[in-house]
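Inside the fold
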Amino acid sequence: MSLNEDDVRKIAFLARIRVDEARLAPLADELNNIVGWVEQLSEVDTNGIAPMTSAVDIVTPLRKDVVNDGDKVEDILANAPDREGPFFAVPKVVE
Amino acid sequence: MSTQKHWTIAAAADALAKGEVSSRELTDQHIKAIEDNRILNAFITESFDVARERADASDARRAKGDVAGPMDGVPIAMKDLFCTEGVRTTAASHILENFVPRYESTVSGKLRDAGSVMLGKANLDEFAMGSANITSYFGSVKNPWTPKGANADLVPGGSSGGSVAAVSGGVAIAATGTDTGGSIRQPASFTGLVGMKPTYGRCSRWGVVAFASSLDQAGPIAHTVEDAAIMFEAMAGYDPKDSTSLDMPVPDCRAAVAAGAGGDAKGLRVGIPKEYTLDGMPADIQKLWDQGVTWLKDMGAEIKDVSLPHTKYALPTYYIVAPAEASSNLARYDGVRYGLRVPGGSLDEMYELTRAEGFGDEVQRRIMIGTYVLSAGYYDAYYVKAQQVRTLIANDFKSVFNDVDVVLTPTAPSAAFAKGEKMDDPIAMYLNDVFTVPASLAGLPAMSVPGGLDANGLPLGLQLISGVCQEETLFRAAAALEHAAGFTAKAGDAS
């Protein structure tokens, strides 16, 4: 599998990173270099092997379904680039 | 270099207990050392006011006979990946350049409660992605070590480059690090320090800026194995706020250090994995590894040849798993709730422009690799495949630890290299972590212990790996190895 400029443009959009047109070709080369290298895993026989989901075998902990946090509007908004009242503010989304 | 005495935590605790020095005096000495050594660029943010306040509080506690433990009053550096309440936390990224957390990470909070004094936030590779501390938005870090007879600027390793520069440069007594694929152990090896990565889940990830959540683990960086044990015990412990936190008691690692400190390795079974011999590995590294085997044998350890057959697949597995998790974790930097915002005509454009300007090249590269391997149609071929190989790598270790207690390997395939080397080819840089990544993938505790100097007078580390939650065995073996190595060299000795 080799990535071309169109693939990189699509990946960049999925990742929401703006990439200049002139950077698409060199970036495709860089990504192909890495993807080509990791593809050596295809030679490993993994038939019937369960994918690792956790480094250490532990039971996922449960907690009571109760409110134990909250009322932190000012803490949450303290680093917001833009706000209106108790809300984050963003550019207009619905036309 | 600084003429600052290299304090250990143990020596500082002793001097503080005897009243030979106050925390405020120790702290002021180290603040002065930081000011005199800014050329290292070890800190992104200095927090001297916080430090003096905590030092005074420590002295006041001590005056009342209310000492929190051996970390009380000890000045340390905090890797700038731990959120610290009221002190800017950047992850060395432009996108978090002005982020001031309103809360404290569990690990930094535990160290604060243990009485330690935070001098500042240590530099690192951007979002901990790198092996040379050259990807920081706030500039690269200089290794305090210089090669014999040359004037080259060396990298300190990464990603915890600022942490190791601060400790080996004598401007902090110890430091926190985080290790995803080797980010504590490789820089410790490059600077003649002890660096320890605990079992995954020992130290809470809550409040640590996330890189690859199934791998990220905090740990100590210090001058000695004993110091690493003291600091590890202060950092570790169950935290209900991290669902992967291990709910089990913190082991008594200081007792384990005492058991090995006299050079006692009797009964210890040490595995030497044949797959860790690399073509083209520097002769000095092979020599030190062989020496390590001899040291442990002479102290009564039983040496066994072992095989970890999937070792060669660890690095490519890591470079699927880590970027995949990073692409997901870093999706949160969208210019909406915190961090940099670059205005755009639409919401998507704002996201794209913000992330293009906010993230550096290596971070963007990894996000895109991660996005690709997780994208529809490729998920099974890359991500699931990598997680299957990861199971095989973990199984290799499980079977080896039926026969041995620890595995001994070199920490890194080279000594510290000059700034500018390995920068054109990301894969050449990734190879730095070839010996550290397997233990990360398997979630195992591992430690780099300084073993000796190479022909250029640069430090080299040996890595010990033990089984899951076998930190006591790890610390005992490390203490014995440290005793045998008798490594006392400090940065600046040769120049």
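A few points on the structure. Being a predicted model, the structure only gives us computed values, none of them experimental. (Residues numbered from 1 in each chain as written. Chains lettered and ligands numbered in written order. Predicted model: local features only at pLDDT ≥ 70, side-chain atom pairs only at ≥ 80, totals over all residues. Heavy atoms only, no water.)

1. Here's the deal with the packing of aromatic side chains
Let me state the cut-off plainly: Aromatic contacts are taken between Phe, Tyr and Trp rings whose centres are within 6.5 Å, Trp giving its six-membered ring; a plane angle under 30 degrees counts as stacked, one over 60 as edge-to-face, and the others as tilted. To qualify as a helix, a DSSP run of H or I must reach at least 4 residues; to qualify as a strand, a run of E must reach at least 2; elements of each kind are numbered from the N terminus. We call a residue buried when its accessible area falls under 20% of the maximum for its residue type, exposed when it is over 50%, and partly exposed in between, using a 1.4 Å probe and counting protein chains only. To sit over a ring, a charge needs its Lys NZ or Arg CZ within 6 Å of the ring centre and within 35 degrees of the ring normal.
Tallied over the entire structure, the rule returns 20 aromatic pairs over all chains. A centroid spacing of 6.0 Å and a plane angle of 55° characterise the contact between Trp37 of chain A and Tyr319 of chain B, whose relative ring orientation is tilted. Here Tyr319 of chain B lies in helix H10 (residues 314-329) and Trp37 of chain A lies in helix H2 (residues 21-38), a pairing that spans two chains. Considered together, Trp37 of chain A and Tyr319 of chain B belong to a single accessibility category, that of buried residues. On the basis of an interplanar angle of 45° and a centroid distance of 5.5 Å, the ring pair of Phe99 of chain B and Tyr338 of chain B is categorised as tilted. One end of the pair, Phe99 of chain B, is in the loop between strand S2 (75-79) and helix H4 (106-113); the other, Tyr338 of chain B, is in the loop between H10 and helix H11 (347-358), and 239 residues separate them in sequence. Three or more aromatic residues joined by ring pairs form one cluster here, namely Phe99, Phe127, Tyr333, Tyr338 and Phe359 of chain B. The ring of Phe13 of chain A carries Arg16 of chain A above its face, with NZ or CZ at 4.1 Å from the centroid.

2. So, the pattern of salt bridges
Quick reminder of the rule: Salt bridges are identified by distance alone: a Lys or Arg side-chain nitrogen within 4 Å of an Asp or Glu carboxyl oxygen.
Tallied over the entire structure, the rule returns 34 salt bridges over all chains. Among the ionic pairs, Arg476 of chain B bridges to Asp264 of chain B, the shortest N-O distance being 3.5 Å. One end of the pair, Arg476 of chain B, is in helix H16 (residues 471-485); the other, Asp264 of chain B, is in the loop between helix H8 (253-261) and strand S7 (269-273), with 212 residues separating them in the sequence. Salt bridges sharing partners connect three or more residues here, namely Arg23 and Glu30 of chain A together with Glu362, Arg365 and Arg366 of chain B.

3. Focus: helix H1 (residues 9-17) of chain B
All names here are of chain B. Filter applied, for reference: Starting at the helix axis, one direction is taken to each C-beta atom, and the arc is that of these directions. Residues are treated as being in contact if the distance between any of their heavy atoms lies within 4.5 Å.
For H1, the complete set of buried residues consists of Ile9, Ala12, Ala13, Ala15 and Leu16. For H1, the arc enclosing every buried residue in end-on projection is 165°, short of the 170-degree limit, so these residues lie on one face. Turning to H1, the residues buried within the fold contact helix H2 (23-36), helix H3 (48-63), strand S4 (174-179) and helix H7 (225-235). Note on H1: the residue one or two positions beyond its end, Gly19, has a positive phi of about 75°.

4. With respect to the sheet that holds strand S6 (residues 217-222) of chain B
All names here are of chain B. Basically, it comes down to this: Here the rule is simple: two strands pair whenever DSSP picks up at least two bridges between them. Lines are fitted to the C-alpha atoms to define the axes, a helix being fitted only along its stretch in contact, and any angle between axes, read from their N-to-C directions, falls within 0 to 180 degrees.
Strand order in the open sheet formed by 11 strands is S1-S3-S2-S4-S6-S5-S10-S11-S9-S7-S8, and the pairing between neighbours is mixed. The open sheet has two free edges, formed respectively by strand S1 (43-46) and strand S8 (302-306), since each of these has just one partner strand. On average, each strand axis in the sheet is inclined to that of its neighbour by 30°, with strand direction left out of account. With five bridges joining them, S7 and S8 adopt parallel strand pairing.

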